[in-house]
Amino acid sequence: MDVSNLGLIDFHAAYAIQERLVAQVASGEAPETLLLLEHPPVYTIGSGGSEANVLDPAISVVRTNRGGDVTWHGPGQLVGYPVIDLGRRGRDLHRYLRFLEELSIRVAGEFGVAARRVPGKTGIWTDRGKLASIGVGVRRWVAMHGFALNVAPDLEPFARINPCGMAGCPVTSLAREADAEPTVAEVAARVECLFPHLLNELLPCETETEGGRHVCCRLQVARGKAPLDVR
Amino acid sequence: MATEITMPKLSDTMTEGRLISWKKGVGEQVNRGDIIAEVETDKANMELEAFTSGVLLETRVTPGELVPVGTVIGIVGAAGEAVAAAPVAVVPEPAVTETAAAAETAPAPAPEEPPPVHLSVAGEEAVKASPAVRRLARELGIDLQTVQGTGPDGRVLQEDLERLGGAGVTVAEPAAQPAVAETAPVAGTEPAAPRTELHDALPLSRMRSAIAQNVSTSWRTTPHFSVTVEIVMDAAAEVVRELREGGTPVSYNDLIVKACAMALFRFPQLNNSFAGDGIRMNADVNIGVAVGLPEGLLIPVVRECQRLSLREIAAESRRLAERARTGSISQQEISGGTFTISNLGMYGVDEFASIILPPQAAILAVGAVADRPVVRDGSVVAAKTMRATLSADHRIVDGLYVAQFLGEVKRLLENPVLMLV
């Protein structure tokens, strides 16, 4: 799979890249690709989200085809858009969400931050609040959108919304939780390194043959290891 | 032939999904491969593709609605084709309009609503099909055993599924119609056509449906056991009376919440959750307090009870109960509980046992505080007592631990000053 670091990029521009990639991955023209980036400040909301969770009427919000409610993206936050063919990776949306959580938890752990899942509240959390948000869109079993991990962003913009539709939901960042203040580039480097391995470990890629299934990925790590916490 | 669009199963753990939007309007042409709707499960949205071409004849679920996997959400067929009557299912607010006229002219016999199909593993194995076809069948809600395969050795091919398109083929046998005639005496003289009463199953409200799902899961998967203690509440009654007279409205239940919070701190296993292959440790003691409502039950959660004084617990508990009764409670306020208390004392109940709310480890069922005979210094005297029954998950704790926990709750409630310092 490919990893592409887009740096600071406008939400709509990144969306156009995702759409193109989704079509190419679905048709087999492009390999699965992880886009890593930061957005200039923008509020976005999932297609099923409620505008009532935007507390400040002055805010304009971009509605987009992902799950979840309203959130904020901006500098200091690492955004990951994995364009992944779930059609070949077990076709299980919940399992994919748990994988994104596991990835974020492990990356946070590498910066000395103990984050965890909270059952029923997708994303990852510390005692002080939400550290990473997750929202996924799937078209022809190819996933787009993904996760947003707060590295060291200004957290004030979250006060103007009910993050993820939860009133008073506290939001935190690696910078607040860790002893040192990591940069987005440092965190992106860890994600880039960890992502392909963890993906193949937790959502192994398979092909179908007359004889049944066989594993096609070179990066395949022992199957059945590290059962995913699927509720 | 009309094809049913069903809520797909997009994960092994998905039991219901929310329709986000229709991408096609009723009457609009649909081509195979078109995106017809968008559905959501957890934090993932899926664009639903049409597997057959035709016209969207009917939508049975409106945007925002949460329905079980397998529920028919819409119908695609030939333009002008009559649609089988929408049946009463577990779907909230089933669409029942514009179906009456269908019966006379319906060219296709109307199969009864197939129930959401869960394929039996054994049966599935007996049918020859590739994993991709099996998955497609699962998504379409088709029972492979009912499909005539056209491949080698009767192997089911993708084309076979597409030809069927999920319409009606899931009906292994005509749904046995419950005998409704007994309750509907026939007055007419002519032998009337068999009456099909559609009112024999009332649709569940969303709340009822959520409760049904939770308790069924719990009862099926959690090995419950229950332990009861009787607690003398004379001192607690005194504290409640004094605090009330002092202008602090505190109830017995607030004292019980406080006592449980303190006891859970000493017996943390009962505050943990069973999580498959391990036990999840919960740092905070978040106690849910069941609030009975005419339409069901809500369990608002008093968060971080270990940090709250009795007074704060009382205030928060009152605020949440009020919000539950007025319907203004948020999802956040009813989630994240680590322990639950259900109190039927105000209805004169002596004792009862509750069903654990997954993934919690225990629930305390509290009966009425009443004058009962107790033996003190060899004589029978009247005292105010209350019986509390803890239902616990035997995977997490054993009887001894529960007995010790209840002993601590009893000690605190019988010496309530311990909760005021």
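Up top is the structure these notes are about.
Okay, so let's go over this structure. (Residues numbered from 1 in each chain as written. Chains lettered and ligands numbered in written order. Predicted model: local features only at pLDDT ≥ 70, side-chain atom pairs only at ≥ 80, totals over all residues. Heavy atoms only, no water.)

Things to note about the packing of aromatic side chains
Aromatic rings in a pair are described by how distant their centres are and how their planes are angled relative to each other.
Move 1: According to the stated counting rule, one finds 6 aromatic pairs over all chains in the structure shown.
Move 2: Here W72(A) and F158(A) contribute two aromatic rings whose centre-to-centre distance is 5.5 Å and whose plane-to-plane angle is 75°, an arrangement assigned as edge-to-face. With W72(A) in strand β5 (residues 70–73) and F158(A) in the loop between β10 (142–150) and α3 (174–177), the pair connects residues that are 86 residues apart, well separated along the chain. There is no split in this pair, since W72(A) and F158(A) are both buried.
Move 3: An aromatic cluster is defined as three or more aromatic residues linked by ring pairs; in this entry it consists of F267(B), F339(B), Y401(B) and F405(B).
Move 4: Stacked on the ring of F274(B), the Lys or Arg R395(B) has its end atom at 3.8 Å from the ring centre. (Phe/Tyr/Trp six-rings, centres within 6.5 Å; stacked < 30°, edge-to-face > 60°. Helix = DSSP H or I, 4+ residues; strand = E, 2+ residues; numbered from the N terminus. Buried < 20%, exposed > 50% of the residue type's maximum accessible area, 1.4 Å probe, protein only. Lys NZ or Arg CZ within 6 Å of the ring centre and 35° of its normal.)

With respect to the nonpolar core
Move 1: Core analysis: the biggest nonpolar cluster contains 59 residues, and L86(A), Y96(A), F99(A), V136(A), V191(A), I36(B) and I73(B) have the highest contact counts within it.
Move 2: If we ignore the near neighbours within four places in the chain, the residues touching I73(B) are I5(B), T6(B), M7(B), L19(B), W22(B), L48(B), T59(B), R60(B), V61(B) and V67(B). (Core = buried A, V, L, I, M, F, W, Y, C linked by side-chain atoms within 4.5 Å. Contact = heavy atoms within 4.5 Å.)

A closer look at the packing of helix α2 (residues 93–110) of chain A against helix α4 (residues 184–202) of chain A
When two helices pack together, their arrangement is given by the angle between the helix axes and by the axis-to-axis distance.
Residues and elements named next belong to chain A.
Move 1: At their nearest, the axes of α2 and α4 sit 10 Å apart, and the two run at 140° to each other. Regarding the angle of α2 to α4, the classification is oblique. In terms of crossing hand, the pair formed by α2 and α4 is right-handed. On α4, the residues that touch R95, F99, E102, L103, R106, V107 and E110 of α2 are V187, R190, V191, L194, F195, L198, L199, E201 and L202.
Move 2: A class-by-class count of the residues in the contact of α2 with α4 yields 10 nonpolar, no polar and 6 charged. (Axes fitted to C-alpha atoms, helices over the stretch in contact; angles between N-to-C directions. Parallel < 35°, antiparallel > 145°, perpendicular 65-115°, else oblique. Left-handed = near helix turned anticlockwise from the far one by under 90°. Nonpolar A, V, L, I, M, F, W, Y, C, P; charged D, E, K, R; others polar.)

Let's talk about the sheet that holds strand β3 (residues 29–30) of chain B
Residues and elements named next belong to chain B.
Move 1: An order of β1-β8-β6-β3 is seen for the 4 strands of this open sheet, with the pairing classed as antiparallel. The open sheet has two edge strands with one neighbour each: β1 (3–6) and β3.
Move 2: Taken together, the 4 bridges between β1 and strand β8 (residues 72–77) define a ladder with antiparallel strand orientation. Looking at the pairing, I5 lines up with G74 of β8. (Pairing = 2+ DSSP bridges.)

Some thoughts on unusual backbone geometry
Move 1: The amide bond that connects P358(B) to the next residue, P359(B), takes the cis arrangement and shows omega of 0°.
Move 2: In this structure, P359(B) sits in the loop between β16 (339–343) and β17 (362–366).
Move 3: Here the phi dihedral of R91(A) falls at roughly 45°; this positive angle occurs in a residue that is not glycine.
Move 4: Tracing the chain through its elements places R91(A) in the loop between β6 (77–85) and α2.
Move 5: Its relative accessible area of 23% is what places R91(A) among the partly exposed residues.
Move 6: A positive phi angle, near 65°, is found at W141(A), a position not held by glycine.

Re the sheet that holds β5(A)
Residue and element names in this part refer to chain A.
Move 1: Ordered in space as β4-β3-β5, the 3 strands form an open sheet in which the pairing is mixed. Looking along the sheet, the strands with just one partner apiece sit at the ends: β4 (61–64) and β5. Geometrically, the sheet is characterised by an average inter-axis angle of 35° between neighbouring strands, direction not taken into account.
Move 2: Bridge count between strand β3 (residues 42–46) and β4: 4 bridges; the pairing is parallel. The residue of β4 that forms the bridge with G46 is T64.

Details of helix α3 (residues 131–140) of chain B
Move 1: Counting buried positions along α3(B) yields 8 of 10 residues, so the element is predominantly enclosed.
Move 2: Restricting attention to buried positions, one finds in α3(B) the residues P131(B), V133(B), R134(B), R135(B), L136(B), A137(B), E139(B) and L140(B).

Digging into the environment of A114(A)
Residue and element names in this part refer to chain A.
Move 1: Relative to the assigned elements, A114 resides in the loop between α2 and β7 (116–118).
Move 2: A114 sits 11 residues away from W125 along the chain, and the two C-alpha atoms are 8.7 Å apart.
Move 3: Aside from chain neighbours lying at most four places away, what touches A114 is W125 and T126.

Here's the deal with the side chain of T389(B)
Residue and element names in this part refer to chain B.
Move 1: Along the chain, the position of T389 falls in strand β19 (residues 379–393).
Move 2: Relative accessible area serves as the criterion here: at 3%, T389 is assigned to the buried category.
Move 3: Among the polar contacts made by the side chain of T389, one reaches the side chain of T228 at a distance of 2.9 Å. (Polar contact = N/O pair within 3.5 Å; in protein donor to acceptor, adjacent residues only side chain to side chain.)

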